[in-house]
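What follows is each chain in one-letter form.
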Amino acid sequence: MKKSAYLGWAKRILTLSLASLLVACAAPARIDQMQVNSSLATRTAAKESSLRDSVSIRDVTGGKDTNPLWISSVSSNDFERALEVSLRDAGLWSPNRQASKYLLVVHLEKLDQPFGGFDMTVTANVRYSLVERASNKAVFERSLSTPYTAKLSDAFLGVERMKLANEGAVRTNIQQLIDQLVALKLTVAELKIQQ
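Residues numbered from 1 in each chain as written. Predicted model: local features only at pLDDT ≥ 70, side-chain atom pairs only at ≥ 80, totals over all residues. Heavy atoms only, no water.

## Let's talk about the overall build of the protein
Summing up its helical and strand segments, the protein has six helices and four strands in all. The 195 residues of the protein split such that 39% are buried. Surface exposure of the protein reaches about 11,100 Å², of which carbon and sulfur atoms provide 56%. (Helix = DSSP H or I, 4+ residues; strand = E, 2+ residues; numbered from the N terminus. Buried < 20%, exposed > 50% of the residue type's maximum accessible area, 1.4 Å probe, protein only. Areas by Shrake-Rupley, 256 points an atom, 1.4 Å probe, with all protein chains shown as cover.)

Here it is as structure tokens:
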């Protein structure tokens, strides 16, 4: 075999080997990477909150399952599980889900994702509504938009960076929700005004 033919085959094999390293399937966001581990300050503030041990989740919508041939996404079920663990860790989760005083309704409006890039920023746009179970009235409504950037140094593969950015955007969004719920002061008078 001539030296040029050998070099041609060697280049092809090297190219195919490198391409196989770069190709990867998209994986869904991981629940444990989306959940918030509340700080001691948040847990202490939650003990004084009017929402302590009184929130459960009514519904989470808007999520999408990941297509392994496309890009990572966040499913409604995985978002709900991460949110539940986060609320529990913050001291807001009702131990008796059927008798909780407040129900949280969540809609993942959009995960704003880039098509590609070295640093990938994903923005999670989520609408939250906290409803008093007895009156079925909303006592808290917010739309939160939180960006998170996964850098090339975080993961070499683009699909992995996208997954990290999804997880970070959702985690940051849940953290902002918990901070706002802990700070929320609901009194009997305020609940009557909402009705």
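Having put the structure on the table, let's press on.
## With respect to the pairing of strand β2 (residues 102-112)
By the bridge criterion, six bridges tie strand β1 (residues 55-61) to β2 in an arrangement that is parallel. The residue bridging D59 from the neighbouring strand is V105, located in β2. Relative to strand β3 (residues 120-132), β2 runs antiparallel, the two being bridged by ten bridges. Among the inter-strand pairings, L103 is bridged to a residue of β3, identified as V131. (Pairing = 2+ DSSP bridges.)

## Structural notes on the pattern of salt bridges
Applying the stated criterion across every chain yields a total of seven salt bridges. With a closest N to O distance of 3.3 Å, R127 and E109 form a salt bridge. Separated by 18 residues along the polypeptide, R127 in strand β3 and E109 in strand β2 bring together distant segments of the chain. Salt bridges linked by common partners bring E80, E84, R88 and R97 together as one network. (Salt bridge = Lys/Arg side-chain N within 4 Å of Asp/Glu carboxyl O.)

## Quick notes on the confidence of the model for the protein
For the protein, the mean per-residue pLDDT works out to 81, and 78% of the residues sit at or above 70. Considering each helix and strand of the protein separately, the mean pLDDT is smallest for helix α6 (residues 188-194), with a value of 45, and largest for β3, with 96. Throughout residues 16-23 the model reports pLDDT below 50, and contacts reaching past four residues in sequence, or to other chains, amount to three contacts. A low-confidence stretch, residues 189-195 stays under pLDDT 50, and its non-local contacts, those more than four residues away or across chains, total ten contacts. (pLDDT = per-residue confidence, 0-100. Contact = heavy atoms within 4.5 Å.)

## Observations regarding the side chain of S76
Within the secondary structure layout, S76 lies in helix α4 (residues 76-90). Apart from residues no more than four positions distant in its own chain, S76 is found in contact with V60, T61, G62, G63 and K64.

## Details of the environment of L111
Tracing the backbone shows L111 in strand β2. Sequence separation between L111 and G63 is 48 residues, and the spatial gap between their C-alpha atoms is 8.8 Å. Excluding anything up to four places from it in sequence, L111 contacts S73, V74, V122, T123, A124, N166 and V170.

## What to know about unusual backbone geometry
Residues other than glycine seldom take positive phi values, yet D53 does so here, at roughly 55 degrees. With respect to the helices and strands, the residue D53 is situated in the loop between α3 (40-48) and β1. A relative accessible area of 37% means that D53 is categorised as partly exposed. Despite not being glycine, N136 has its phi angle at roughly 60 degrees, a positive value. Positionally, N136 belongs in the loop between β3 and β4 (137-150).

## Remarks on the packing of aromatic side chains
By convention here, two paired aromatic rings are described through the distance between centres and the angle between planes. Applying the stated criterion across every chain, the model contains zero aromatic pairs. Between R171 and the ring centre of Y148, over which it is positioned, the NZ or CZ distance is 5.5 Å. (Phe/Tyr/Trp six-rings, centres within 6.5 Å; stacked < 30°, edge-to-face > 60°. Lys NZ or Arg CZ within 6 Å of the ring centre and 35° of its normal.)

## Here's the deal with the nonpolar core
Ranked by size, the top nonpolar core spans 44 residues in total, and within it F79, L87, Y128 and L130 carry the most contacts. Mapped onto this core, the elements with two or more residues apiece are α2 (31-34), β1, α4, β2, β3, β4 and α5 (158-183). Among the elements that take part in this core, α5 stands out by supplying ten residues, more than any other. Once you skip the residues sitting within four places of it in the chain, F79 turns out to touch M34, V60, V74, V106, L108, V126, Y128, V170 and I174. (Core = buried A, V, L, I, M, F, W, Y, C linked by side-chain atoms within 4.5 Å.)

## A closer look at α4
The end-to-end C-alpha separation of α4 is 21 Å, in line with the 21 Å expected for 15 residues at 1.5 Å each. Inspection of α4 places S76, D78, F79, E80, A82, L83, E84, S86, L87 and A90 among the buried residues, and these make up the whole buried set. (Expected span 1.5 Å × (residues − 1).)

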